[in-house]
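An overview of the molecular structure
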Amino acid sequence: MSAVELMDPKMDSGMIFRNSTSPILTFEEAVEQNAIQVDNFSPQQLIGITDELFACLATWLDGQPLIQTVYTCSYLHKVEFIQDNYLKAYCVGILKSCELIWSLIQSGQVFEEEDFCCPTHGYVLQTSITNAKAFALLKEVDENCARNVKKCSRKSEEELDEESKLNNLLHQALHARIKLCRLLYSFFHHLLGSRMNETFLEVVKTSNNRLQSMDALIPIIKDSYHLGIHPNNNQDENNYMIGFNPLICIKHLPSQFPKMIEIMERSKAYDYMHTLIGRHLRATEVVELSTIDSIIQFFADFSSISPDVLSRSALQHFFCETFKSCNDKKSMIELVKKAVKNFTQPPVLTYPSLKSSQRASEVSEAFFERSDGPISRLLFIYCCNRSRQREKIAALLEELSAMQVEASQCDEQLNAITERIDSQLHHRPYLGLWGLYHTCKIMEYYLLLGFELDLYGSYEYYYVFWYVDHLYNHRLSCLYTAEKHLQAHEAASIDIRKNKNKKSKKKKKVSEHALEIQLLDAKQSMCKGYLRAIDGFVKQGKMIQQQSKYDTSNEKLRYEHRILPFLNVYSPQFITYEKFAEVRDYTRTALATATEFYSTSAKFFNRAKTKLEEISKSNDDVATSKLIKITKTNVVVMNLLASGHKKESKTCPNFTFELDNYFPIIKIQ
């Protein structure tokens, strides 16, 4: 702890003692001295305590230490001492849920120290109450609350007085809270527990129903949280909630614990739970996917919303358990085979004469088994937080590079086998093409993720967009080649059907990669638009390279630092700074004035807009609509600058990522 943090109430956890006016008692000591209530709670007290405990749970799930959140509730230390059945059942449900949540997060192994904190510092999450007793207790209390609600609702509202109406609201509020606790506990227990004669898909379906039931309870609870009691507002006494004491675990904390913890407000805690439930519902959709490309895209889209660690662990669990129930490695290899087949239709997976060859099968199976590792690793990386993804991608690129080398060797061996079987048939680099495509995709993601994490200075945007444009070239080349292979396979299939005198009634197939080619073409035009815009800014002196005493404004050093993980990639080959500078300087000499650069930039953005509008006609989604707005705005800005607007100003235009994480809107300041 630094001198600045010492005695700072926000940073020094020891400063909490300054407001303490009474000795710190353990829960057992407090019960012996009658310093804490364990029975005869009013409904308002029960609502207040349960809401405060739920807020502590939400704060823990948000990444704060367990011992400074959930364990500040004294009742959780010895639930056996609680005499009130309602509070005892709720505390047992929360404690059991915490234990299962921690097990789920540990099994996923996608959390880092900045994501989640569960050291208990001597406390144990487990209680002497078994799961069977816990469920029985929760069920009993739930049924009692339901009977009380039913009893109060027999009379119409007109017949009830104000006190009866209040009692009715209190019973409904208590019932909703215990039901939420019971559903939360049963959801995690059923998800992680042993299954007798139930498939995992049936487990997911049941879990989905529980999540939807929990989500329906959140609005009811939020409408009634004001009925519960709140902490004391008297500043002369300890401003603690009944049964809560942030000092109760103070002796178990490290001597230099990071900072004071602020517990979420109750309404925000239930909003957090609503968001958490929505993410879990979305994560369950992964079990319905049947192709590796759709699974990878699902993981990427899920990661883009920056979900919490519990949601990411749940997604990992849903995916892994689905494949365990489908014979794990074999099913993953089959998915990879299906992906390669859909991408290029290689003869080893389509031609009967080659499929029946034992040597060809051995060679191809060895490659598919090898490719299972990098694909599984990629899905795991998508479940990590965004900042950790970049450092893990660097290691993944080495695996993908090795996979490409093996794919090339495999293609050569398969080509030799194919030519021996049929001299007119050739096995081109089908497998290598698929590996190259995915490698380029990951490299592109690595660079663009830097925009989202705000790692680049505006003067670095040029070589980032330039390299992304270079990767788009490779991806488009892969897709065009793959499309030719698919068309050749389709033509060969038609010839075979004609030779067998079978009339083909199939309509002409839509190109497998047409939509992706259009989207990549539009994004590449956007990259070129940004490059020409930056050229114009440099030409007019609006964008000046930053001076630094550490690297003496060495652009080569920064360029190589940004793309260092690409150095050992097999293909596409690493582009040196000298080659980049040569291409950049040639481009800048081709256009003489800033006006020409701005006009060219406007043309590229307009071309991207046209392509995106074509895509939106057949596939109108939110992402495409946002990109259209970005291109429209940038076209207007570039045309304004080309007309001489703010020509004398040396202020650098602002790049704002308000609509998209990777493609900014250019704003004139």
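Each remark here, short or long, concerns the structure printed above.
A short tour of the structure in this document, coming up. As the structure is a computational prediction, the values presented were derived from the model and not from experiment.

Before going further, it helps to spend a moment on the overall build of the chain. Tallying secondary structure elements over the chain gives 21 helices and two strands in all. Relative to its 669 residues, the chain shows a buried fraction of 50%. If you take every contact in the chain between residues at least 6 apart in sequence, the share linking residues at least 24 apart comes to 78%. When the accessible surface of the chain is totalled, it reaches about 32,600 Å², and 49% of it is carbon and sulfur.

Moving on: the packing of helix H8 (residues 292–304) against helix H13 (residues 358–382). H13 packs onto H8 with a crossing angle of 20° between their chain directions and a minimal axis gap of 9 Å. By the angle between their axes, H8 is roughly parallel relative to H13. You can see that H8 and H13 cross each other, and the crossing is left-handed. Along the contact surface, H8 presents Ile292, Ile295, Ile296, Phe299, Ala300 and Ser303, while H13 presents Ile375, Leu378, Leu379 and Tyr382.

This next bit is on the nonpolar core. Tyr75, Phe299, Leu447, Tyr467, Met638 and Phe663 are the most contacted members of the largest nonpolar core, which totals 198 residues. For tyrosine 467, the contacting residues outside a window of four places in its chain are Met443, Leu447, Tyr559, Ile563, Phe566, Gln573, Phe574 and Ile575.

A few words on the layout of surface pockets. Here the largest pocket is characterised by a volume of approximately 1,500 Å³. Looking at the largest pocket, it is lined by 44 residues, and the ones nearest its centre are Gln297, Asp301, Lys441, Leu519 and Lys523. Within the residue set of the lining of the largest pocket, elements represented by two or more residues are H8, helix H10 (329–344), H13, helix H15 (430–452), helix H16 (461–499), helix H17 (514–540) and helix H21 (622–642). Sort the elements by how many residues they give to the lining of the largest pocket and H15 lands first, with eight residues. Residue classes in the lining of the largest pocket are distributed as 22 nonpolar, ten polar and twelve charged.

Note that glutamine 37 resides in the loop between helix H1 (27–32) and helix H2 (43–61). Given the relative accessible area of 26%, glutamine 37 is considered partly exposed. As for glutamine 37 and glycine 243, which are separated by 206 residues in sequence, their C-alpha atoms are 7.5 Å apart. Excluding residues within four positions of it along the chain, glutamine 37 makes contact with Gln45 and Tyr75.

Attention shifts here to the packing of aromatic side chains. Enumeration according to the criterion identifies 33 aromatic pairs in this entry. Measuring from centroid to centroid gives 4.9 Å for phenylalanine 187 and phenylalanine 188, while their planes differ by 70°, and the two rings are edge-to-face. Across the pair, phenylalanine 188 and phenylalanine 187 agree in class, each one buried. Between phenylalanine 451 and tyrosine 456, the aromatic rings sit 5.2 Å apart at their centres with planes inclined by 80°, giving edge-to-face as the arrangement. For the pair shown, phenylalanine 451 and tyrosine 456 are each scored as buried. Clustering of aromatic rings is evident, with ring pairs tying together Phe451, Tyr456, Tyr461, Phe465, Tyr530, Phe537, Tyr598, Phe605, Phe655, Phe657 and Phe663. Over the face of the ring belonging to tyrosine 446 we find arginine 390, whose NZ or CZ atom lies 4.1 Å from the ring centre. Above the ring of tyrosine 462, the side-chain terminus of arginine 588 is found at 4.9 Å from the ring centroid.

Cis geometry is found at the peptide bond from serine 571 to proline 572, where omega equals 0°. Position of proline 572 relative to the elements: it lies in the loop between helix H18 (555–562) and helix H19 (577–590). Residue glutamine 109 is not a glycine yet carries a positive backbone phi of 55°. Structurally, glutamine 109 is set in the loop between helix H3 (85–108) and helix H4 (131–152). The phi dihedral of glutamine 345 falls on the positive side, at around 55°, and the residue is not glycine. Here glutamine 345 lies in the loop between H10 and helix H11 (347–350).

Now for empty space enclosed by the protein. Evaluation of the coordinates by the stated rule reveals one cavity of 30 Å³ or more. Counted as a void, the largest cavity has a volume near 50 Å³. Lining of the largest cavity is provided by Leu184, Phe187, Phe188, Leu211, Met214, Met273, Leu276, Ile277, His280 and Leu310. Residue assignment for the lining of the largest cavity shows that the elements contributing at least two residues are helix H5 (162–192), helix H6 (200–224) and helix H7 (266–283). It is H7 that provides the largest number of residues to the lining of the largest cavity, a total of four residues. Among the residues making up the lining of the largest cavity, the classes are represented as nine nonpolar, one polar and no charged.

The subject of this paragraph is the pattern of salt bridges. Inspection of the entire model under this criterion finds 26 salt bridges. Glutamate 444 is the partner of arginine 475 in a salt bridge, and the nearest nitrogen-oxygen pair spans 2.4 Å. Of this pair, arginine 475 sits in helix H16 while glutamate 444 sits in helix H15, and the two are 31 residues apart along the sequence. By the burial criterion, arginine 475 is buried, and glutamate 444 matches it. In this structure, arginine 607 engages aspartate 521 in a salt bridge whose closest nitrogen and oxygen atoms are separated by 3.3 Å. In this pair, arginine 607 sits in helix H20 (residues 594–618) while aspartate 521 sits in helix H17, placing the two residues 86 residues apart along the sequence.

Conventions and cut-offs
Residues numbered from 1 in each chain as written. Predicted model: local features only at pLDDT ≥ 70, side-chain atom pairs only at ≥ 80, totals over all residues. Heavy atoms only, no water. Helix = DSSP H or I, 4+ residues; strand = E, 2+ residues; numbered from the N terminus. Buried < 20%, exposed > 50% of the residue type's maximum accessible area, 1.4 Å probe, protein only. Contact = heavy atoms within 4.5 Å. Areas by Shrake-Rupley, 256 points an atom, 1.4 Å probe, with all protein chains shown as cover. Axes fitted to C-alpha atoms, helices over the stretch in contact; angles between N-to-C directions. Parallel < 35°, antiparallel > 145°, perpendicular 65-115°, else oblique. Left-handed = near helix turned anticlockwise from the far one by under 90°. Core = buried A, V, L, I, M, F, W, Y, C linked by side-chain atoms within 4.5 Å. 1 Å grid on protein atoms, 1.4 Å probe; cavity = no way out; pocket = protein on both sides within 12 Å on 5 of 7 lines; lining within 4 Å. Points joined across faces, edges and corners; volume = space filled by probe spheres on them. Nonpolar A, V, L, I, M, F, W, Y, C, P; charged D, E, K, R; others polar. Phe/Tyr/Trp six-rings, centres within 6.5 Å; stacked < 30°, edge-to-face > 60°. Lys NZ or Arg CZ within 6 Å of the ring centre and 35° of its normal. Salt bridge = Lys/Arg side-chain N within 4 Å of Asp/Glu carboxyl O.

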